[in-house]
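# Coordinate inspection notes
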Amino acid sequence: MESKGKKMEPQVTFLGAALAVLFTISMGGLLWWMLHPPRQIQPAVAKARYAVGAFKRILVPTSGVPYSEKGIELACRLGTEQEAEIVLTYVLEIPRTLPLNAPIPEAEAQADEALKRGKEIVELHHLVPILKLERAREAGEGIVKVAKDNQVDVIVLGIRPNWRGTQNIWGKTTDTLLRKAPCEVVIDKLPE
Amino acid sequence: MTVEAKAAPRQGKSELRRDVSVWGSYMWGFADVGADTYVALGLVMAYAQGATSLVFALAGIVYIMIGLAYTELASAYPVAGGGSYFALRGLGDFSGFVAGSALLLDYTIDIALFATASAGYINFFMPYIIGRDIASFVTNIGPFHNVNPVWCAETLILIGFLIWLNVRGIRESSFVNEVIGAVVIATESALVILAFLFAWRPELLAHQWNTQFPSLHNFMYGSSIAIISFVGLESISEVAQETRRPATVIPRTSITLIFTVFIFAVAFSTLGLGILPWQEFAANIDNPVAVLAEAIPFVGLIAGPFAAALGALILFISANTGIVGSSRLTYYLSKFGIISPWFDAVHPKYKTPIRTILVFSGIGVFETILSFLTPSAMDTLANMYAFGATLGYTMVFIALIKLRFSEPWTPRPYKMPLNIKLKYKGRKVLFPVLGVIGTLGVGTILFMVVLTHSIGRIAGPAWVLLCFGYYAWYRKSRGLPIFKSIEHNWEKQQMDVLTSAEEFDLLEQYKIALAERDKKRTELK
């Protein structure tokens, strides 16, 4: 072997020193990163964390008023991480004196406008909006039907901040939803 | 008993215990792969000459892709079995068997080759201890010439010690890996830093690149040898079922292993060409790192014996990973009905797969004895080494692509980069572009191995055929199909594995993904 016993003279080059530093930083950085994994999650914590992550289709009833639009924003934030579909519904309450498919041009225009605004909010979050204009005798029944037809995972409902008189604090629609919804219900009530 | 019942992984018997830590998981891989560079550097230099760094970098790029594929699959399916399990899950029982037999060949050779090489480095000290060189023991036994019974006996003693260690348990075995591996990393790093600082001459590297570039044939042969220096990543996957929090830990240990080994391989080859002419490494194929270390100012005087001791240590732990890998692989194969359930017995006290350790280490012993009856034991073993790995890796890449389509809902804590979003049967699928490039890359190297490795191209396929004979007999005797797959309850098994690994985060993700899949299936109906 030619090199055996041969005394090598030290030779320092800028490139050699730079490569030595690069090597040290790369190796040190890699080993440090490897030895610091994220901490373990307990079963109950994981369950709670992914229970929300399981909301892949979220239903938001809207009536075009600010509190229901805040409900849409809230639903979008709930669904952003898992890229949930947001089902927006406007229920046209048809009086019992009229057939269910009777034209109500003014209310229909108002519903279209509300759904359009809701769609805009959803699209700002880069989520997929699904618009449903539903006709029913009562808003609560209509929402439950949409929830069932679309197999939603949760309903997010923004309700009015003020309530009056003798009726129950939730209102009739909310009450129906709490009793009959086929899925979870999240209610957002603003302070009065 | 129904076919399904026969195929289900057997429960109730003692399971492997989870004793491997983050550092232990990394060290299982490093112990295996780190030693490869130690052996392959001289061989590659002899063929790739002035282009050695380029050859290591090219083989390294293929290896990085293999590594990323393993990282994705091992973190998604943290089960003992490694590549064979991925092939079985993605492509079916027969593919699982083929990949398993190819990788098993490598593990048994790993035991024989690295124990032989380790004993070779120990022999460096023989003249100082007994006053005789190891070559002086060479003799002729009947028709066999140049047989070295002393070296062979040393190798067998080392393998015997490793068998005992592995029967005692993964904790003890892992501890040996962790300590020795840490010493090896620290010293190799010190060598690289000192060599770059005080000995490396970029002008010599440039000169060798310009004037000593190899022929195309040598370049290709060098590349097929260079891939040997990266074989062993599989080891991390093999101990996945004994690793604590495998889905969290394995992506980190695998990625760190991929890049640290790549950095070492490219650094050593770049240093080699910038410190000495490549011919010096070609003339000292047995101890290239010692030659390199000897040329470093300040440490050169002690570098010879030090590098020999270092070589003996790292090669010893590499042989150890061969025993662990082969025993875990066959343990898993028996669990899935690929080989007899007789193999999956776990030692009642130590909780280790005792029968697979004894049988497949025994095959390693047999290979050692056979190789010592040839003129060069090391050459014979090394020649067969690349075949099994490249065949197994090719199947792993195909399985990765298939699983992206057949099980898109399985949570993957790590995904290979560069994916194209596709819609397949109404589902969103991420098509792995790097998986396709990796398949082509490793497939090309397999082709080169078959073309250029005279022993490997015969012994490799012969081994797979021999295993097929056993597989066909076993499946037929149990009334199971040979080429078709039997029913496996993957979902239950995945949930059981994630629960036992305490990967609750992934478990919840998996349950939600399955629920969503079922919901979509109902909607489609």
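Above this text sits the structure in question.
Bear in mind the structure is a predicted one, so any value in this text is a computation, not a measurement.

## Points about the overall build of chain B
Helix and strand counts for chain B stand at 21 helices and 4 strands. For chain B, whose C-alpha radius of gyration is 23 Å, the value lies close to the compact-globule estimate of 24 Å for 525 residues. When the backbone C-alpha atoms are referred to their principal axes, chain B occupies close to 75 × 50 × 40 Å. Within chain B, buried positions represent 62% of all 525 residues. Put simply, of all contacts in chain B between residues at least 6 apart along the chain, 81% involve residues at least 24 apart. Total accessible area computed for chain B in this model is approximately 18700 Å², and 69% of it derives from carbon and sulfur atoms. A distance of 11 Å separates the average location of the 39 positive side-chain charges in chain B from that of its 35 negative side-chain charges.

## Quick look at a nonpolar patch on the surface
Together, F124, Y128, I129 and I130 of chain B line one region of the surface with nonpolar side chains, adding up to about 480 Å² of accessible area. Looking at where I130 of chain B falls in the secondary structure, it is placed in the loop between α6 (126-129) and β1 (139-141).

## Details of the packing of helix α3 (residues 52-76) of chain B against helix α12 (residues 246-275) of chain B
All names here are of chain B. At a minimum axis separation of 9 Å, α3 and α12 run at an interaxial angle of 175°. Between α3 and α12, the crossing angle belongs to the class labelled roughly antiparallel. Of the residues belonging to the contact of α3 with α12, the class tally is 19 nonpolar, 9 polar and no charged.

## Structural notes on helix α7 (residues 149-168) of chain B
Given 3.6 residues per helical turn, the α-helix brings residues three or four places apart onto the same face. All names here are of chain B. Helix length check: α7 (20 residues) gives 29 Å between terminal C-alpha atoms against 28 Å at 1.5 Å per residue, within 8%. Here α7 has its buried residues at C152, E154, T155, L158, I159, L162, I163, L165, N166 and V167. A positive phi of about 140° marks G169, the residue just after α7.

## A closer look at the environment of A57 of chain B
Residues and elements named next belong to chain B. Tracing the backbone through its elements, the reader meets A57 in helix α3. Taking C-alpha positions, A57 is 37 Å from G169, a pair spaced 112 residues apart along the chain. Not counting the four nearest positions on each side in its chain, A57 is found in contact with F262 and V266.

Rules used throughout
- By convention here, each chain's residues receive numbers from 1 onward along its written sequence.
- As a convention, the first chain written is A and the first ligand written is 1, with the rest following in written order.
- Since the coordinates come from a predicted model, pLDDT governs what is reported: local features require at least 70, and pairs of side-chain atoms require 80 or more to be given and counted, while whole-chain, interface and lining totals use all residues.
- Just so you know, side-chain values use all the structure's heavy atoms and leave hydrogens and water out.
- Where helices and strands are cited, they refer to DSSP runs of H or I of at least four residues and of E of at least two residues respectively, numbered from the N terminus.
- Throughout, the radius of gyration refers to the C-alpha atoms, and the reference size of a globule is 2.2 Å times the residue count to the power 0.38.
- The buried label applies to any residue whose accessible area, calculated with a 1.4 Å probe on protein chains only, is under 20% of its type's maximum; exposed applies above 50%, and partly exposed to all values in between.
- For this analysis, residues touch if any pair of their heavy atoms sits within 4.5 Å.
- In these tables, accessible area is a Shrake-Rupley quantity obtained with a 1.4 Å probe, and a residue counts as shielded only by the protein chains included in the view.
- Only four residue types enter the charge count, namely Lys and Arg as positive and Asp and Glu as negative; His and the chain termini do not.
- All charge positions are set by atom: Lys at NZ, Arg at CZ, Asp at CG, Glu at CD.
- Patches here are clusters of residues that have more than 30% relative accessible area and form no salt bridge, with a 9 Å joining cutoff for like charges and a 5 Å cutoff for nonpolar side chains (Val, Leu, Ile, Met, Phe, Trp, Tyr).
- When a carboxyl oxygen of Asp or Glu lies within 4 Å of a side-chain nitrogen of Lys or Arg, that pair is called a salt bridge.
- Where helices are involved, their axes are fitted lines through C-alpha atoms of the stretch in contact, as for all axes, and angles between N-to-C directions lie from 0 to 180°.
- What sets the label is the angle itself: under 35 degrees gives roughly parallel, over 145 gives roughly antiparallel, 65 to 115 gives roughly perpendicular, and the rest give oblique.
- Note that Gly is not counted as nonpolar here; it falls among the polar residues with everything else outside the nonpolar set of Ala, Val, Leu, Ile, Met, Phe, Trp, Tyr, Cys and Pro and the charged set of Asp, Glu, Lys and Arg.
- Expected helix span is computed as 1.5 Å times (number of residues minus one).

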